[in-house]
Amino acid sequence: EAEVAQSPRYKITEKSQAVAFWCDPISGHATLYWYRQILGQGPELLVQFQDESVVDDSQLPKDRFSAERLKGVDSTLKIQPAELGDSAMYLCASSRPYRDRPTGELFFGEGSRLTVL
Amino acid sequence: RKEVEQDPGPFNVPEGATVAFNCTYSNSASQSFFWYRQDCRKEPKLLMSVYSSGNEDGRFTAQLNRASQYISLLIRDSKLSDSATYLCVVKGEYGNKLVFGAGTILRVKS
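About the cut-offs
Residues numbered from 1 in each chain as written. Chains lettered and ligands numbered in written order. Predicted model: local features only at pLDDT ≥ 70, side-chain atom pairs only at ≥ 80, totals over all residues. Heavy atoms only, no water. 1 Å grid on protein atoms, 1.4 Å probe; cavity = no way out; pocket = protein on both sides within 12 Å on 5 of 7 lines; lining within 4 Å. Points joined across faces, edges and corners; volume = space filled by probe spheres on them. Helix = DSSP H or I, 4+ residues; strand = E, 2+ residues; numbered from the N terminus. Buried < 20%, exposed > 50% of the residue type's maximum accessible area, 1.4 Å probe, protein only. Pairing = 2+ DSSP bridges.

K.L.:
Go over the layout of surface pockets with me, naming the residues and quoting the values.
P.N.:
Think of a ball as big as a water molecule: rolled over the atoms, this probe shows where empty space is left. A volume near 630 Å³ is recorded for the largest pocket. For the largest pocket, the lining is made up of 30 residues, of which A:Leu39, A:Gly40, B:Gln38, B:Arg41 and B:Thr85 are closest to its centre. Every element with two or more residues in the lining of the largest pocket is listed here: strand 9 (88-95) and strand 11 (112-116) of chain A together with strand 9 (84-91) and strand 11 (104-109) of chain B. With 4 residues, the single largest contributor to the lining of the largest pocket is strand 11 of chain B. In this structure, the second largest pocket spans a volume of roughly 440 Å³.

Spelled out as structure tokens, the structure:
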């Protein structure tokens, strides 16, 4: 079982509905990432947090996606409204504090699989 | 052009075979390189880092060629349990952004 907690594991929704995913990273990990992985492709970074601040959201479709990490610990990724093309695995990951010059090792959660009908 | 490109495979090999994967990256300023492994319907996990001088971890050897901008992963004496998708990962010049390739599928058969 992954140390990064994510919920829900599976979500089926209809298009135009709202959906939210939650992530609790490994304790003490300052950097948190949300990745989207479409079947047959590699994970694509949506947003990266350093503590509570967004450091990269260049690939986040901001018209429908939002992410927050208010207290610098757990995080929520929201999609509203969901579209058919949003069907994918949403992976949360965390890494060690930046000041420790992270090795590049990301610790992933088990993911939240979204199906939009 | 994608930042990180891999042959998707699948590579179908018998147990005991040696298999190699290559990966090319487009950003010459990339600083760090990694191989991750992802089992079917599971999360990716770090397999090994790739150092400029090349590095080995048991049956796995990773090489970096900065001049040609590619990295490689060699697996010797393949095991059934090596069956997975191998993701090439590149870290950019600044920050902690890791860019993943699409992955190469390996199937080891008895």
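Now, onward.
K.L.:
Can you tell me about the pairing of strand 4 (residues 31-37) of chain A, naming the residues and giving the values?
P.N.:
Residues and elements named next belong to chain A. Judged by how many residues are buried, strand 4 sits mostly within the fold: 7 of 7 residues are covered. Burial along strand 4 is two-sided: Thr-31, Tyr-33, Tyr-35 and Gln-37 and Leu-32, Trp-34 and Arg-36, pointing in opposite directions, are all buried. Of the strand pairs in this sheet, strand 4 and strand 5 (residues 44-50) are connected by 6 bridges, and their pairing is antiparallel. Bridge pairing links Arg-36 to Glu-44 in strand 5. Where strand 4 folds back on strand 5, the antiparallel hairpin that results is connected by 6 residues, among which Gly-40 adopts a positive phi of roughly 90°.

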